[in-house]
Amino acid sequence: MPLSNAEVVFLSACQTATGGSKLVNESCHLGGGFIAAGFRGAIGTLWSMDDRDGPLVAKLFYSRLFGQGRHPQASDAAEALHLAIKDLRKNESYERWIPFIHMGV
């Protein structure tokens, strides 16, 4: 299925960038699946996260990605995640912000 407008997906759930224990060196996980399906970038988590953080980081991420009336692009996703996590780091311990990663462009 062609996904001509598939830029970035934000996977706000636990372990969306974690592969299985049988293929530890492979990138077979939900985030990698979205990239294989045609998305240029994906945000996922490497392990469990606090339930409060998925919606909070997503809100901060999308406010950066869509900020100032911009059209979201995958090439801006890494910076948008970095700035969102930077905001979270101001008030929270590292266990709350460290699970989030960017994959792709």
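The name an unreviewed UniProt entry gives the protein chain is CHAT domain-containing protein, with Mycena pura as the organism.

Right, let's get into the pairing of strand β2 (residues 41–45). With five of five residues buried, β2 is to be regarded as a mostly interior element. The side-chain alternation of β2 yields two buried faces, one formed by Gly-41, Ile-43 and Thr-45 and the other by Ala-42 and Gly-44. As paired elements, strand β1 (residues 8–10) and β2 share three bridges and run parallel to each other. Paired with Val-9 across the two strands is Ala-42, which belongs to β2. Taken together, the five bridges between β2 and strand β3 (residues 100–104) define a ladder with antiparallel strand orientation. Across the sheet, the residue bridging to Ala-42 is Met-103, located in β3.

Across the sheet, three strands lie side by side as β1-β2-β3; this open sheet has mixed pairing. The two strands at the open ends of the sheet, each matched to only one other strand, are β1 and β3. Taken over all neighbouring pairs, the strand axes of this sheet differ in orientation by 20° on average, direction set aside. The sheet strands contacting helix α2 (residues 53–65) are β1, β2 and β3, and the helix crosses β1 at an angle near 150°. Helix α3 (residues 77–89) contacts β1, β2 and β3 of the sheet and is inclined by roughly 175° relative to β3.

The rules behind these values
Residues numbered from 1 in each chain as written. Predicted model: local features only at pLDDT ≥ 70, side-chain atom pairs only at ≥ 80, totals over all residues. Heavy atoms only, no water. Buried < 20%, exposed > 50% of the residue type's maximum accessible area, 1.4 Å probe, protein only. Helix = DSSP H or I, 4+ residues; strand = E, 2+ residues; numbered from the N terminus. Pairing = 2+ DSSP bridges. Axes fitted to C-alpha atoms, helices over the stretch in contact; angles between N-to-C directions. Contact = heavy atoms within 4.5 Å.

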